[in-house]
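# Remarks on the overall topology
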Amino acid sequence: MSPGFLSGLNEQQLEAVTLPRQSALVLAGAGSGKTRVLTTRAAWLIHTGQLSPMGLMAVTFTNKAAKEMLTRISAMLPINTRGMWVGTFHGLCNRMLRAHFREAGLPQLFQILDTQDQLSVIKRLLKSLNADEERFPPRQVQWFIAGSKEEGLRAPEVDVHDEFTRRMRDIYAAYDEQCQREGVVDFAELLLRSYELLSRNEALRSHYGARFEHILVDEFQDTNRLQYRWLKRFAEPGNAIFAVGDDDQSIYAFRGASAANMQDLQRDFAVERVIRLEQNYRSHGHILDAANALISHNRKRLGKNLWTSDAKGEPLRVLEALTDLDEAAFIVDEVRALRGDGVALDEIAVLYRSNAQSRVIEHALFKAGMPYRVYGGLRFFERQEIKHALAYLRLVANPGDDGALVRIINFPARGIGARSLEQLQDAARERGTSLWGAALLKSEGRRQKAEENGGDTASPSPITQHASPGKGIPSFVALIERMREATSGLPLPETIEHIVEASGLRAHYRAEKEGADRLENLSELINAATIFIAERDVQPAGEAPGTDEPDELTAFLAHAALEAGEHQAQAGAEALQLMTVHSAKGLEFHSVFISGLEEGLFPHENSLTEADGIEEERRLMYVALTRARRRLYLSLAQSRMLHGQTRYNIASRFFQEIPDGLMRRISPAFHVQSSRFNVSGSASATEGGGVSTLNTEPGTLNARNAGQWRVGQNVVHPTFGTGVIVNSEGRGPEARVQVNFRSGGLKWLMLEYARLAPA
DNA sequence: ATTAGTGGTGTTTTT
DNA sequence: CACCACTAAT
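Counting from 1, residues in each chain are numbered in the order their sequence is written. Starting at A for chains and at 1 for ligands, labels are handed out in the order in which the entities are written. In view of the model being predicted, local features appear only for residues whose pLDDT reaches at least 70, and side-chain atom pairs are presented and counted only at 80 or more, with totals across whole chains, interfaces and linings using the full set of residues. With hydrogens and water stripped out, all remaining heavy atoms of the structure feed into the side-chain values.

## A short note on the state of the cysteines
Cysteine sulfur atoms that come within 2.5 Å of each other are treated as a disulfide pair. Summed over all chains, the structure comprises zero disulfides. The structure places no disulfide on Cys-93, whose sulfur is separated from the nearest cysteine sulfur, that of Cys-179, by 17 Å. Look at Cys-93 and you get buried, because its relative accessible area is 0%. Throughout, exposure labels follow a simple rule: accessible area from a 1.4 Å probe, protein chains only, divided by the maximum for the residue type, with under 20% read as buried, over 50% as exposed, and the rest as partly exposed.

Here you go:
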């Protein structure tokens with residue numbers, strides 16, 4: 001008797017789900033039921049008694065995916081998911097390091113640095129090393145360190161072929177020392193530390209090797225080398241890795257993901273069966289045809305062709321707007337129409353290549369009063385008021401956390417400036433203590449001196465005396481000590497409440513003109529803590545015996561660093577979904593807008609100089625296309641405000657890689673003329689929205705525009721090829737236009753002689 | 001010691 | 001445009 005959850009699977013899916021215990025690679029195209037196969041596999045293994053929940057590890061990349069998997073497994077099986085290890089690589093490594101902090105050489109309460117925190121640690125370090133920030137840009141140092149760790153390399157193992165790399169390596173070494181001193185751990189360190197722990201400690205390795213008989217990996221194409229080696233540590237003979245991935249959706253090469261892991265897996269784990277899931281259950285035919293056509297332009301592929309038994313559906317809708325403002329207005333209009341047709345708002349997504357693009361769209365949505373939700377961008381736990389509150393918590397939990405101390409020692413302002421901090425840092429270095437240790441000494445010295453002087457408090461000016469509660473390092477030390485005392489034993493939400501109040505953060509933001517949102521976020525933080533505790537109590541971690549459970553506060557701080565994005569304002573309400581293409585991976589919607597399809601933006605200009613950069617951008621576009629079930633919009637703007645100035649872009653090359661027959665050009669229902677768009681030379685720019693600059697539709701639409709030129713227009717030159725007019729000057733026979741050619745760059749051309757034609 | 005103002009610079013994508 | 005680091009003025 002096969003369990004009910006197997007019904008409805010197709011032949012390949014069923015084969016994958018019911019594979020005997022052996023390692024396998026499943027190449028799962030977009031929308032081919034990948035998550036279903038993964039979760040059903042887990043349920044099947046447990047249901048048939050081949051595996052106890054304790055023996056299962058399932059790794060994903062996003063917390064969203066992990067949560068989804070847990071939900072779906074428990075929907076299929078009435079079992080307690082306690083004991084299963086389901087989570088992100090980072091989450092699972094954190095779990096392991098918490099359980100074995102001593103063996104890993106970490107303090108019990110080690111804190112996790114997010115990207116921002118890491119950058120400020122690096123800046124602090126560079127200053128103390130007297131390193132020139134010009135020659136060693138903090139961001140580059142960060143990149144170097146993260147990159148090295150993701151290769152599994154500690155500083156001494158980094159290859160040094162020149163002076164610069166040698167210095168970078170030394171900075172890396174000093175950075176690791178500093179983190180160790182302060183008891184903090186960055187993202188890559190979680191993985192590397194956990195990997196080293198398993199490599200060094202044979203008892204632990206064999207414990208986990210014996211435990212995890214089945215390891216399921218989602219989005220395997222996104223694993224980096226270190227993650228792959230980490231997985232290999234569990235490769236006890238007889239254990240099986242079940243990896244699901246799609247090389248066409250590999251979009252994280254920039255952070256070290258390596259599709260070569262797919263080949264290595266087959267070799268290292270003696271994979272006998274590579275199962276392909278090629279039937280797509282998500283999208284209508286035209287959408288799939290477009291995606292297939294696009295991705296076929298990539299050379300480096302394992303090869304696979306998605307098909308569907310669904311109808312062809314509608315053609316893709318293409319909209320070219322004059323400006324980014326018009327594009328946004330058009331999207332709002334179209335969304336309104338979709339909603340009128342009964343499509344729920346949260347079934348519609350607007351995707352863009354980079355976060356900065358959301359502002360214009362948000363603005364238009366706000367003006368239209370349409371509810372929306374932005375994923376990514378400034379996440380809840382990355383907001384400054386939240387960071388400040390968390391820093392107080394961190395310092396209370398871990399006095400050695402210099403980063404936290406630096407962040408809050410003078411926020412809200414209590415008269416401790418750069419100079420005092422510098423002295424503190426010198427004192428700390430001299431005595432080999434943390435900044436907190438130095439502050440403690442200093443304030444005690446001060447206290448003693450005050451007593452010796454017979455309590456002469458050097459009458460401070462009456463104004464400053466009542467303006468702020470306390471000044472200087474001693475009062476800061478006293479403040480933190482009071483907090484530590486007052487909050488010990490308190491439940492987490494009350495601890496946060498106390499800290500927000502006692503630190504003066506609340507008073508500070510109440511006094512600030514624009515502080516209302518921040519106050520609200522601080523309340524939301526307390527809320528988030530309440531929810532976090534409640535969820536944790538429902539599903540405790542259930543560790544192996546003899547391990548320590550982290551306390552509430554530490555767990556919450558880890559949660560804040562690892563799941564920065566999960567807590568958004570206005571979650572839950574039906575709202576239009578705004579996100580980058582990257583964060584859309586794994587999701588699907590009834591209707592999808594892909595905006596900003598312009599050369600330089602999507603594909604991003606930076607990708608052009610990277611090895612295989614264009615192929616990654618194309619995969620990204622492939623991911624974007626395959627998010628849509630029924631309707632797909634592709635939009636672009638002829639001009640766009642970027643970095644404070646207007647840029648004129650030509651249509652993305654991806655338009656040329658999708659067959660014309662699949663796309664239909666549409667015009668906005670009404671015409672928006674943005675004030676920012678300045679027509680030079682001619683007044684004809686108001687003509688319809690239909691001036692073609694898309695190369696997919698050869699010049700026919702332009703007959704009525706012949707002989708008239710305007711900035712932003714796409715043109716063709718017999719020798720220079722296609723380009724866009726970016727500037728003009730003079731009139732009559734003198735008139736010249738400046739054209740930005742796709743290949744060849746900027747050129748001034750005399751209109752009278754240049755054989756320029758509209759594109 | 002702090003702040004306000006200026007000028008220079010950089011900017012993809014994320015756990 | 002937005003963020004930073006630095007300078008000049010309080």
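## What to know about the protein's contact with DNA strand B
We call a residue near a given molecule or strand whenever any one of its heavy atoms falls within 4 Å of it. Taken together, the neighbourhood of DNA strand B is formed by 25 residues, with Arg-353, Asn-355, Gly-415, Gly-417 and Glu-610 sitting nearest. A breakdown of the atoms of DNA strand B within 4 Å of the protein gives sugar and phosphate a share of 55%. Any pair of N or O atoms that falls within 3.5 Å is considered a polar contact. Within protein, one atom must be able to donate a hydrogen and the other to accept it, and sequence-neighbouring residues count only if both atoms are side-chain atoms. Contacts to DNA strand B include Arg-353, whose side-chain N or O atom sits 2.4 Å from a base oxygen. Interatomic distance of 2.5 Å between a backbone N/O atom of Asn-355 and a phosphate oxygen of DNA strand B. Taken together, the residues of the surface near DNA strand B sort by class into five nonpolar, 14 polar and six charged. Here the nonpolar group is Ala, Val, Leu, Ile, Met, Phe, Trp, Tyr, Cys and Pro; Asp, Glu, Lys and Arg are the charged ones; every other residue, Gly included, is treated as polar.

## A look at the packing of aromatic side chains
Within 6.5 Å between ring centres, the rings of Phe, Tyr and Trp (the latter by its six-membered ring) count as paired, and their orientation is classed by plane angle as stacked under 30 degrees, edge-to-face over 60, tilted in between. Counted by the stated rule, this structure contains 18 aromatic pairs. Ring centres of Tyr-228 and Phe-269 lie 6.4 Å apart, and the angle between their planes is 75°; on these two criteria the pair is classed as edge-to-face. With Tyr-228 in helix H10 (residues 225–232) and Phe-269 in the loop between helix H11 (260–268) and strand S8 (273–277), this pair connects stretches of sequence that are 41 residues apart. Here Phe-269 falls in the buried class, since its relative accessible area comes to 12%. With centroids separated by 5.7 Å and ring planes inclined at 90°, the aromatic side chains of Phe-602 and Phe-654 adopt a geometry described as edge-to-face. Separated by 52 residues along the polypeptide, Phe-602 in the loop between strand S13 (589–594) and helix H26 (613–625) and Phe-654 in the loop between strand S15 (645–648) and strand S16 (663–665) bring together distant segments of the chain. Within the aromatic cluster, the residues linked to one another by ring pairs are Phe-61, Trp-85, Phe-89, Tyr-208, Phe-212, Trp-230 and Phe-234. To qualify as a helix, a DSSP run of H or I must reach at least 4 residues; to qualify as a strand, a run of E must reach at least 2; elements of each kind are numbered from the N terminus.

## Observations regarding the pattern of salt bridges
Side chains that differ in sign of charge can pair as their charged atoms come close. Throughout this description, the term salt bridge denotes a Lys or Arg side-chain nitrogen within 4 Å of a carboxyl oxygen of Asp or Glu. Tallied over the entire structure, the rule returns 52 salt bridges. Put simply, Asp-268 and Arg-267 hold a salt bridge, and the shortest N to O gap is 3.1 Å. Overall, Arg-267 belongs to the exposed group, its relative accessible area being 60%. Close ionic contact of Glu-314 with Arg-317 constitutes a salt bridge, the shortest N to O distance being 3.6 Å. Beyond isolated ion pairs, a larger network of salt bridges with shared partners links Lys-149, Arg-154, Asp-176, Asp-186, Glu-189, Arg-193 and Glu-196.

## Description of helix H5 (residues 115–128)
Between the first and last C-alpha of H5 there are 20 Å, a value that for 14 residues agrees with the 20 Å anticipated at 1.5 Å per step. Taken as a whole, H5 has its buried residues at Asp-117, Gln-118, Leu-119, Val-121, Ile-122, Arg-124, Leu-125 and Leu-126. Only heavy atoms matter for contacts: two residues are in contact if any of them lie within 4.5 Å across the pair. Of the surrounding secondary structure, the elements contacted by the buried residues of H5 are strand S4 (111–112), helix H6 (138–150), helix H7 (163–182), helix H15 (384–397), helix H16 (402–408) and helix H17 (418–431). With a side-chain oxygen lying 3.1 Å from the backbone nitrogen of Gln-116, the N-terminal cap of H5 falls on Asp-114. Immediately beyond the C-terminal end of H5, within one or two residues, lies Asn-130, with a positive phi of roughly 60°. Given the number of residues in a helix, its expected span is that number minus one, multiplied by 1.5 Å.

## A word on the nonpolar core
Residues grouped as a nonpolar core are buried Ala, Val, Leu, Ile, Met, Phe, Trp, Tyr and Cys residues, joined through side-chain atoms within 4.5 Å. Met-57, Ile-215, Phe-220, Trp-230, Leu-231, Phe-234 and Leu-265 are the most contacted members of the largest nonpolar core, which has 61 residues in total. Of all hydrophobic cores here, the second largest spans 49 residues; its members include Ala-391, Leu-393, Ile-499 and Leu-519.

## Digging into empty space enclosed by the protein
Left-over empty space is what a probe sized like a water molecule reveals as it rolls over the atoms. Only protein atoms enter the 1 Å grid used here. Points where a 1.4 Å probe fits but cannot escape make up a cavity, open sets with protein on both sides within 12 Å along at least five of seven lines make up a pocket, and a residue lines them when an atom lies within 4 Å of a point. Grid points are joined across faces, edges and corners, and a volume is the space filled by probe spheres set on the points. Enumeration according to the criterion identifies three cavities of 30 Å³ or more in this entry. Approximately 120 Å³ is the volume found for the largest cavity. Lining the largest cavity, in full, are Gln-111, Ile-112, Asp-114, Asp-117, Phe-381, Lys-387, Leu-390, Arg-394, Leu-557, Ala-560 and Ala-561. Counting only elements with at least two residues in the lining of the largest cavity, the list comes to S4, H15 and helix H24 (552–562). Partitioned by chemical class, the residues of the lining of the largest cavity number six nonpolar, one polar and four charged.

## Some words on the environment of Met-168
When you line up the elements, Met-168 lands in helix H7. Residues within four places of Met-168 in sequence aside, it is in contact with Phe-136, Gln-140, Val-141 and Phe-144.

## Points about the sheet that holds S8
Taken in spatial order, the six strands make up an open sheet running S3-S2-S6-S7-S1-S8, and their pairing is parallel. Of all strands in the sheet, those bounded by a partner on one side alone are strand S3 (85–88) and S8. Geometrically, the sheet is characterised by an average inter-axis angle of 15° between neighbouring strands, direction not taken into account. Whether two strands pair depends on DSSP finding at least two bridges between them. Looking at chain direction, strand S1 (residues 24–28) and strand S7 (residues 240–245) are connected through four bridges and run parallel. Within S7, the position partnered with Leu-25 by the bridge is Ala-243. Interaxial angles span 0 to 180 degrees and are taken between N-to-C directions of axes, which are lines fitted to C-alpha atoms, for helices over the stretch in contact.

## Re the protein's contact with DNA strand C
Surrounding DNA strand C, one finds Arg-359, His-643 and Gly-644. Contact distances for DNA strand C include 2.8 Å between a phosphate oxygen and a side-chain N or O atom of Arg-359.

## Considerations on the pairing of strand S6 (residues 214–217)
Going residue by residue along S6, you find His-214 and Leu-216 tucked away on one face and Ile-215 and Val-217 tucked away on the opposite face as well. In this sheet, S6 lies alongside strand S2 (residues 56–60) in parallel orientation, the contact comprising four bridges. Looking across to S6, one finds that Ala-58 is bridged to Leu-216. Inspection of the sheet shows S6 paired to S7 by four bridges, in the parallel sense. Bridge assignment links Leu-216 to a residue of S7, and that residue is Phe-242. If the strands point away from the viewer and the path from the first strand over the helix to the second runs clockwise, then the crossover is right-handed. For the crossover from S6 across H10 to S7, the handedness is right-handed.

## Describing the confidence of the model for chain A
The score called pLDDT rates the predictor's confidence residue by residue, from a low of 0 to a high of 100. Predicted confidence across chain A gives a mean pLDDT of 82, with 85% of residues reaching 70 or more. Least confident of the elements in chain A is helix H19 (residues 462–467), whose mean pLDDT is 36; most confident is S13, at 96. Counted against residues more than four places away or in other chains, residues 454–468, with its pLDDT under 50, gives three contacts. Counted against residues more than four places away or in other chains, residues 542–547, with its pLDDT under 50, gives 12 contacts.

## Here we look at the pairing of S13
Most of S13 is tucked away, with five of its six residues classed as buried. As paired elements, strand S10 (residues 348–352) and S13 share four bridges and run parallel to each other. When the bridges of S13 are listed, Leu-351 appears paired with Ile-594. Here five bridges tie S13 to strand S14 (residues 628–642), and the two strands are oriented parallel to one another. Of the residues in S14, the one forming a bridge with Ser-591 is Arg-631.

## So, the side chain of Thr-580
Examined against the element boundaries, Thr-580 turns out to sit in strand S12 (residues 576–580). Judged by relative accessible area, Thr-580 falls into the buried class, the value being 9%. Discounting chain neighbours no more than four positions away, the residues touching Thr-580 are Leu-351, Tyr-352, Arg-353, Ser-354 and Asn-355.

## Here's the deal with unusual backbone geometry
Following Phe-411, the chain continues to Pro-412 via a peptide bond in cis, the omega torsion being -5°. Position of Pro-412 relative to the elements: it lies in the loop between H16 and H17. Here the bond from Phe-602 into Pro-603 is cis, since omega is 10°, no more than 30 degrees from zero. Here Pro-603 shows up in the loop between S13 and H26. A positive phi is found at Glu-219, a non-glycine position, where the angle reads about 50°.

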